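# Coordinate analysis (summary)
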Amino acid sequence: MSDQGSVGLLRRIFFRRFFDNDLISPSGDDHENVSLVFALLAVPGLLAVAPLLLKYMNRYILPGHRLLIALDDKFTCLALSMIVMGIVTLVEWDALVLDVRDIAILGPLPLMRRTLLLAKLGALAQFVVAFAAAVNAIPSVVYPLILFGTLQLSMARGLWLMFVHAAASLAAAAFAFFVVLSVRVVASGLAGPRLFRRVSVFLQGALVLALLSALLLLPGHRSVAASILPEGGAAVYASPPMWFLGLYESLTSEGVLDEPDVQSPRGKALWEPRDAGRAQAEYLGLMPVFNRLAAVGAGALALAALVAFGGYALETRRLARRMSRGQASVWPKLLRIVSSAVERTLVRDPIGRATFFFTLQTLARSSTQRFYLAACGAVAFAATVVLISPGEAARALTTSTNPTAALLAVQMVVVFCVCVGLRVGFAVPADLRANWTFRVTWMREPTRYFSGVRRAALLVAMVPLFALAPLHVLAWGSAVAALHLVVGMLGAALLVEVAFFDLRSLPFTCAYGSTGTLKFTWPLYFGAFLLSTVGFGRLEAWAIETPSRAASLVAALLLALLVVALYRTRRTRAVTEVAFDVPDDRATQRLGVSGAS
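So, here's what we can say about the structure. Residue positions within a chain follow its written sequence, with the count starting from 1. It should be noted that, the model being predicted, local features are given only for residues of pLDDT at least 70 and side-chain atom pairs only at 80 or more, the latter also being counted only at that level, while totals for whole chains, interfaces and linings use all residues. Excluding hydrogens and water, the side-chain values take into account all heavy atoms of the structure.

## Considering the overall build of the chain
The numbering of helices and of strands both runs from the N terminus, where a helix is a DSSP run of H or I of at least 4 residues and a strand a run of E of at least 2. In terms of regular secondary structure, the chain is built from 24 helices and 0 strands. For each residue, the accessible area found with a 1.4 Å probe, counting protein chains only, is set against the maximum for its type, and the residue is called buried under 20%, exposed over 50%, and partly exposed in between. Across the 597 residues of the chain, 44% fall into the buried class. What makes two residues a contact is simply this: any of their non-hydrogen atoms within 4.5 Å. Expressed as a percentage of contacts within the chain between residues at least 6 apart in sequence, the contacts between residues at least 24 apart total 86%.

What follows is the structure, given as structure tokens:
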């Protein structure tokens, strides 16, 4: 096979590996999975058609006003393209570069390293174009038609507007992809392969959390035309979607304004001509800003691509050299010390220890579980932004008064979202064929197995409390922060007990459960969220006013936790079997073989 044929074959193989992901059912048909993913990405563009029609299909909106109010929608489209591509790239975090398995399998073959690199880069380019097209294909065609549908623009101008919308959206998506890839290869180069395997988990989770938070908060952004652009300054030039909005406007504005129907629109407008001239002058006054933003965007895109490709080539070369020399795996001493301390204190029972470490290691190593936890963290961050105003947060850091109920509710918002993420993640199998280990060693003592799972969940739920504790000490003092931490730990333990009260199977080992009752039980979940966050915050705000109230709250939480734990233990002891669902080896798979003629 020629070198070009090898590159094409490997490119197709690498591209298909992007869909061999834990977030997609591994037993499903590849074509169906790919079609489902692309269809889901195209749905927002379809849903946006009706609101845009109601907004722009008014022939009495003058061209100047039309161009100004369109800035918000264009900004949203570009930001959405950028955020979605960033999230999709983070989902494929482990498949972005050539890994040890690729080198180990393909290295002995008579293939040049340049062939592997070109094939992988070709698959990455196909990946970016495919997903960016899925997100932006419908808006690129429909949005210019809706925006200027009431104006008599030429066909050539309409096609140019579609092309520019698609080009700006693709550039924004490519920038997000290059940034994520650059972060990965630069972090790998700085940390080294051994440390990067530890850091990668937290780095990927932090980036997913940031992008999902931006996605959830995107509908509440301020008006681009009315506030952000006229203000100027760092708020404009520090926003990546603004860069590509400037690129968008710099490529389309002059051509649109030169059209005869834009200069003299047909039909009678509801505004005076001077209003039309003022709106058009206001838009033209932003052109210098648009041009500077376009230059920043083009430079940032080129820089991100240069760093990504350069780091990618160095990472591939270093991996190939390391594989040729061979490398022994050494268990870090620090991790062994921590594991030994946990075994002596938290989980002394061998069976509980097995499920404890199995749960934690699956949460850390599975990209699906990391994605669920990061998604719940993003929901918690968005809820916190909605719950607390910036002024209230600033006053909490500058004054020494007791915290408000909204501020006290933040840590329980985080704990509640973590518990939901664990609850959902536990029902998603990591590998259905791996539960034979628990089946073979099953001792018919569910209490011992489930105790390790609950302690692992409690440890994960308490991590945010200790992460927020230094900030609470800085804002409220050590006494209030200590009480807040103790109350939060008891509340987290109570939430974990309630969330995993009815455990009947080991996490990550059983088939997907049905979620059909969620449409009926969501009011119950919403009520539980309000009770355990806003209600709990108000109760704590009442308790911190006097020491006697604080002691009463701690005692009540301890009593409630004891009652729930005893009742749960009594019910668990009555269970002698758990669910061990394994995949059916007799399941058929479609081979795509056509019948005989």
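## Some remarks on helix H19 (residues 410-426)
To estimate how far a helix should extend, the number of its residues minus one is multiplied by 1.5 Å. Over its 17 residues, H19 runs 24 Å from end to end, which matches the ideal 24 Å to within 8%, given 1.5 Å per residue. By the criterion of burial, H19 is predominantly enclosed, with 14 of the 17 residues buried.

## Quick word on the packing of helix H15 (residues 350-365) against helix H16 (residues 367-387)
One way to put it is that H15 packs onto H16 with a least axis distance of 5 Å and a crossing angle of 80 degrees. Between H15 and H16, the interaxial angle falls into the category roughly perpendicular. Where H15 approaches H16, its residues Thr362, Leu363, Ala364 and Arg365 are matched on the opposing element by Ser367, Gln369, Arg370 and Leu373. Each residue belonging to the contact of H15 with H16 can be placed in one class, and the counts come to 3 nonpolar, 3 polar and 2 charged. Lines fitted to C-alpha atoms define the axes here, with helix axes fitted over just the stretch in contact, and angles between the N-to-C directions of these axes take values from 0 to 180 degrees. Oblique is the label for any angle not under 35 degrees, not over 145, and not in the 65 to 115 range, which are roughly parallel, roughly antiparallel and roughly perpendicular in turn. When residues are grouped by polarity, Ala, Val, Leu, Ile, Met, Phe, Trp, Tyr, Cys and Pro land in nonpolar, Asp, Glu, Lys and Arg in charged, and all others, Gly among them, in polar.

## As for empty space enclosed by the protein
Using a 1 Å grid laid over the protein atoms alone, points where a 1.4 Å probe fits but cannot get out form a cavity; open sets with protein on both sides within 12 Å along at least 5 of 7 lines form a pocket; any residue with an atom within 4 Å of a point counts as lining. Grid points are joined across faces, edges and corners, and a volume is the space filled by probe spheres set on the points. For the coordinates displayed, the defined rule picks out 2 cavities of 30 Å³ or more. In this structure, the second largest cavity encloses a volume near 30 Å³. Every residue lining the second largest cavity is listed: Ser81, Val84, Met85, Phe131, Ala132, Val135, Asn136 and Ala173. Counting residues per element, the ones that place at least two in the lining of the second largest cavity are helix H4 (63-91) and helix H6 (113-147). For the lining of the second largest cavity, the per-class residue count stands at 6 nonpolar, 2 polar and no charged.

## Quick look at the pattern of salt bridges
We count a salt bridge whenever a side-chain nitrogen from Lys or Arg sits within 4 Å of a carboxyl oxygen from Asp or Glu. Applying the stated rule across the entire model yields 3 salt bridges. Arg568 serves as the salt-bridge partner of Glu497, at 2.8 Å between the closest nitrogen and oxygen. Taken together, the residues Glu497 in helix H22 (residues 478-499) and Arg568 in helix H24 (residues 547-573) connect sequence positions 71 residues apart. Side by side, Glu497 and Arg568 carry an identical accessibility label, which is buried.

## Examining the side chain of Asn136
For Asn136, the location among the structural elements is in helix H6. Asn136 sits in the buried class, given a relative accessible area of 7%. The term polar contact refers here to a pair of N or O atoms within 3.5 Å; inside protein, the definition further demands a hydrogen-donor-capable atom paired with an acceptor-capable atom, and it admits residues adjacent in sequence only when both atoms are side-chain atoms. At 2.9 Å, the side chain of Asn136 forms a polar contact with the backbone oxygen of Ala132. With residues near it in sequence (within four places) discarded, Asn136 still touches Cys77, Ser81 and Ser169.

## Points about the state of the cysteines
Throughout, a disulfide means two cysteine sulfur atoms within 2.5 Å of one another. Within this structure, the stated rule accounts for 0 disulfides. Cys376 takes part in no disulfide bond, and the closest cysteine sulfur, belonging to Cys417, lies 6.2 Å away. Judged by relative accessible area, which is 15%, Cys376 ranks as buried.

## Structural notes on the packing of H19 against H22
Where H19 meets H22, the axes come as close as 10 Å, and the angle between the chain directions of the two elements is 25 degrees. For the element pair H19 / H22, the angle class is roughly parallel. Read as a crossing pair, H19 and H22 show a hand that is right-handed. Here Gln411, Met412, Val415, Phe416, Cys419 and Arg423 of H19 come into contact with H22, specifically with His484, Gly488, Gly491, Ala492, Leu495, Val496 and Ala499. The hand of a helix crossing depends on one turn: near helix anticlockwise from the far one by less than a right angle means left-handed, and clockwise means right-handed.

## Looking at the packing of aromatic side chains
Planes of paired rings set the category: under 30 degrees apart is stacked, over 60 is edge-to-face and the rest tilted, where pairs are Phe, Tyr or Trp rings (Trp by its six-membered ring) whose centres lie within 6.5 Å. Inspection of every chain in the model, using the stated rule, returns 10 aromatic pairs. Between Phe416 and Phe529, the aromatic rings sit 5.2 Å apart at their centres with planes inclined by 65 degrees, giving edge-to-face as the arrangement. Linking Phe416 in helix H19 with Phe529 in helix H23 (residues 518-543), this pair joins segments that are 113 residues apart in sequence. One exposure class covers both Phe416 and Phe529, and it is buried. Aromatic side chains Phe426 and Phe500 sit 5.2 Å apart centroid to centroid with 40 degrees between the ring planes, which places their arrangement in the tilted category. Note that Phe426 is positioned in helix H19 and Phe500 in the loop between H22 and H23, a separation of 74 residues in sequence. The exposure classification of Phe426 matches that of Phe500, with both residues buried. One aromatic cluster in this structure is built from Phe127, Phe131, Phe177, Phe178 and Phe309.

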